[in-house]
Amino acid sequence: MVAIGSAALPSRRFEASMEDDMSFKSSRKKMGKSRKPEKQGQGRSFDAGAGKSVSGRGLNAAPQTVVRKQVDPETAKYFSEIANLFESEVIDIEERSSLCSNALEETRGKEMELATDYIISHTLQTLVEGCDVDCLCAFLRGCAKNFPLIAMDKSGSHVAESAIRALSRHLQESDAYAVIEDTLNTICKVIVKNPVDLMCDCYGSHVLRSLLYLFKGVPFDSSDFRMRKSFSALPERFNFKAPRSDADVSQHVIPGFPDLLKFLVSGMIKCAQNNVKTLQVDQFSSLVLQTALKMLAGDEEVLLQIIPILIGCTREDIVEENTIEPTIVRDVLGLMKETAFSHLMEVVLEVAPDVLYNGIFLKIFRNSLFDLSSHHCGNFVIQALISHAKNHDQMEMIWEELGSNFRDLLKMGRSGVIALLMAASQRLHSYEQKCCEALAAAVHSCNESSTCIVPRILFLDGYFNCEDKSNWNWPSGVKMNVMGSLILQEVFRFQNEFIQPFVTSITSIPADNVLEAAKDPGGARVIEAFLSSNASAKLKRRLVMRLRGHFGELALHSSGSFTVEKCFTTGNISQREAIVSELVAVQSELWNTRQGPHLMRKLDVDGFAARPEQWRSRQESKQSTLRDFSATFGSSETKASNNIEPEQPKKSSFLSEDYMKRSKVGKTVDHHQASHAPFLSTTGSKRKPKEKEQSNTKFARVSVDHDVSKVKNKSKKKRHGDDSFSKSSKKLKA
């Protein structure tokens, strides 16, 4: 007789299947949002639990000793031969399922010792993945009595997870649902009897999460609910992406087991109610609870039952007019400064029904927002609270506690709180002007020029770490602050009258610094946000002119190419022509970059290089069409956002000096019109030059006139002139 445990079995590599647990510690290190304590002794780090047992039950928990029979030599030899047979790859695909099913039947009565054996468990993984659904379910029913022990074993957890994944694949079969549901129901009844050990175990918690994914019907390769994808929610929090509805979440490829999901989660929480304090601070149980809450998003009745238990109070205390005991409130606020519970509380605020969210906001968070925002763990909870604010009254309470503390929060490095407060203000259209004024005041004083605002936010850390802030200057070659760039992107989504100091600041940045910002991923997005804002077209084009002569260089950068495209969209005809003329010089290099082909097609660089006059006619036609469309259907805001203005003169000083000096393209076009060879070609053409010139002029004229008439008549969108011109071009190149 031997004991199961880390001493009983050889160590097994803990690889990809457990990557979610490791990511729990590192998911926020990106963008400088780590929850690791800033000083030793502050808060609680997962790495700090030196005396913690593997299961996470703490120092006082006695290790559970389980005794199992040793695998007899004959059985070990049999499965060794099966493993060798699979490795030899002599089995046909048709015979594989039958062989797996027959071999799996030999495990009957010995499931636990075989699944927890380091060597044989590898073979069992292959068998459960290759057998038919009836044999798989029979194996799992045989494991049901000891399923928690198997799931908490280093080797057994891999077998359990492989079996769950195999069940997910078998659900595609029309007649497999009932037998799978019956098998899972048997396993769930065993789990809910004593769920705490399984939830707090590093291996068992992962198996539990896989079960929850299966019950919800989430594909195992989906990233929608994976904890390691914590940044996928950022676009929604910053209003860059529409929030995902519960209906979208419920649309999955495979059928789920909603009743089993509710039974398992409710049963685990009910049985663990006396140990809720353990679950609140344990890193592995926190992951299980986060997953369970995400799976139940939208099921208000179940959430109203389990969320109060996780917080440590009752449903009536939060929802009704009852008051929560001060000791409970104090304990919950203290738990939010713990790493595991802060993660859990973020998900609670994300999925909580409105009535529950409002009660938690008023009875727990009120008068504690700044204190939590100042903490290295608590500030993430406040970010979640702000990002899910529902109405003006909640925004008012947030502003009362944080509105006067913008500068202090930025000094402490809590820029994420400020960023999400700005996003919530813009989303709810509440306290917009005050938020913009408070942000500007946080980085510059009344006696300073507003031109310094944007540079200081772009380099938040450098500015606030500088001792002599009055003499701080733009640091060349330093990476721009990610959260600072996010704040500015959000700022330029506000109405124009609220952001005048920011507009003045960004349009006053010297040309060299604008170029440096355009080359930085964060700075480039800020420039793009400004060019998409409601600021006047004149100010936007003033910033575009600062990049004159560098568009070809920027287009070769992965992030700068988007800025070039946005500058092209914002610019007038002469500015667009200058931008494309610079890209012509680097078109061979552009084709070899990842972003180059898209940019070349979007700006029609080849078309400009071949026939600049007709390229210009098409651009004028597009602007004319936009003008007519906006005059007919658009509002003044639409006109401002589209930067529509009367046609500009054909020649402008914005054109680069090299382009004006050499005029290579123009000379080449003249040469092309006077010769028999197509542009950029060494082969001759049988067409007469005059015919080509007349044909091209005719089609260009048709393109302009035809497009305008189509918009006015609301007819087809495709332009006849461009189609005819395209056909003519193909004939010329033939």
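What this report covers is the structure whose coordinates are included nearby. Numbers given for residues are sequential positions, taken from 1 along each chain in its written order. Restriction of local features to residues with pLDDT of at least 70 applies here, the model being predicted, together with a cutoff of 80 or more for giving and counting side-chain atom pairs; totals for whole chains, interfaces and linings are based on all residues. Heavy atoms throughout the structure, all of them, feed into the side-chain values; hydrogens and water do not.

### Some details on helix α9 (residues 177-191)
Phase 1: Secondary structure counts use DSSP, requiring at least four H or I residues in a row for a helix and at least two E residues in a row for a strand, with both numbered from the N terminus. Working rule for helices: expected span equals 1.5 Å times residues minus one. For α9, which comprises 15 residues, the first-to-last C-alpha distance of 21 Å matches the rise-based estimate of 21 Å (1.5 Å per residue) to within 8%.
Phase 2: Looking at α9, one finds that the buried residues are Ile-180, Thr-183, Leu-184, Ile-187, Cys-188 and Ile-191. End-on, the buried residues of α9 take up no more than an arc of 140°, which puts them together on one face.
Phase 3: Looking at the buried residues of α9, the elements they touch are α6 (133-143), α7 (147-151), α8 (156-170), α10 (195-199), α11 (204-216) and α14 (258-271). The buried label goes to any residue with under 20% of its type's maximum accessible area, the exposed label to any with over 50%, and the partly exposed label to all in between, with areas taken from a 1.4 Å probe on protein chains only. Our arc is simply the arc of the directions from the helix axis toward the C-beta atoms. We call two residues contacting when some pair of their heavy atoms lies within 4.5 Å.

### Section: the packing of helix α16 (residues 283-295) against helix α20 (residues 339-351)
Phase 1: It is at 9 Å that the axes of α16 and α20 come closest, and there the two elements cross at 5°. If you check the angle between α16 and α20, you find them roughly parallel. Side by side, α16 and α20 meet where Gln-283, Ser-286, Leu-289, Gln-290, Leu-293 and Lys-294 of the first sit next to Ala-340, His-343, Leu-344, Val-347, Val-348, Glu-350 and Val-351 of the second.
Phase 2: Of the residues contributing to the contact of α16 with α20, the split by class is seven nonpolar, four polar and two charged. To obtain an axis, a line is fitted to C-alpha atoms, over the contacting stretch when the element is a helix, and the angle between two such axes runs from 0 to 180 degrees between their N-to-C directions. By definition in this entry, angles of less than 35 degrees are roughly parallel, angles greater than 145 are roughly antiparallel, angles of 65 to 115 are roughly perpendicular, and the rest are oblique. Amino acids are sorted into nonpolar (Ala, Val, Leu, Ile, Met, Phe, Trp, Tyr, Cys and Pro), charged (Asp, Glu, Lys and Arg) and polar (every other residue, Gly among them).

### Brief notes about the packing of aromatic side chains
Phase 1: Each aromatic pair joins two rings of Phe, Tyr and Trp (for Trp, the six-membered one) with centres within 6.5 Å, and gets the label stacked for planes under 30 degrees apart, edge-to-face for over 60, and tilted for any other angle. Using the criterion set out here, one finds 13 aromatic pairs in the structure.
Phase 2: A ring pair is formed by Phe-459 and Trp-474, whose centres lie 5.1 Å apart and whose planes are at 75°; its orientation type is edge-to-face. Placement of the pair is Phe-459 in the loop between α28 (453-458) and α29 (460-465) and Trp-474 in the loop between α29 and α30 (482-491), with a sequence separation of 15 residues.
Phase 3: Through a chain of ring-to-ring contacts, the aromatic side chains of Phe-459, Tyr-463, Phe-464, Trp-472 and Trp-474 assemble into a single cluster.
Phase 4: Either the NZ atom of lysine or the CZ atom of arginine qualifies as a charge over a ring when it sits within 6 Å of the ring centre and within 35 degrees of the ring normal. Directly above the aromatic system of Tyr-357 lies the positively charged group of Lys-390, at a separation of 3.8 Å from the ring centroid.

### What to know about the environment of Arg-594
Phase 1: Within the secondary structure, Arg-594 sits in the loop between α38 (587-590) and α39 (596-603).
Phase 2: Taking the C-alpha atoms as reference, Arg-594 lies 7.5 Å from Ser-558; in sequence the two are 36 residues apart.

### Digging into the nonpolar core
Phase 1: Counting residues in each nonpolar core, the largest one holds 187 residues, and the members touching the most others are Ile-307, Ile-360, Phe-365 and Phe-502.
Phase 2: Here the element with the most residues in this core is helix α17 (residues 300-311); it accounts for eight residues.
Phase 3: Not counting residues up to four positions away in its chain, the partners in contact with Ile-307 are Leu-293, Val-348, Val-351, Ala-352, Leu-356 and Ile-360. Nonpolar cores are built from buried Ala, Val, Leu, Ile, Met, Phe, Trp, Tyr and Cys residues. Side-chain atoms within 4.5 Å join them into one set.

### Some points on the pattern of salt bridges
Phase 1: By definition, a salt bridge exists where a carboxyl oxygen of Asp or Glu is found within 4 Å of a side-chain nitrogen of Lys or Arg. For the structure on display, the rule yields 13 salt bridges.
Phase 2: Across the pair Arg-165 and Glu-161 runs a salt bridge, and its minimum N-O distance is 3.4 Å. Here Glu-161 and Arg-165 lie together in helix α8, a separation of four residues that amounts to about one turn.
Phase 3: For Arg-165, a relative accessible area of 32% corresponds to the partly exposed category.
Phase 4: We note a salt bridge from Lys-519 to Glu-553, for which the minimum N-O separation is 2.3 Å. Linking Lys-519 in helix α32 (residues 511-519) with Glu-553 in helix α35 (residues 551-555), this pair joins segments that are 34 residues apart in sequence.
Phase 5: Owing to a relative accessible area of 33%, Glu-553 belongs among the partly exposed residues under this scheme.

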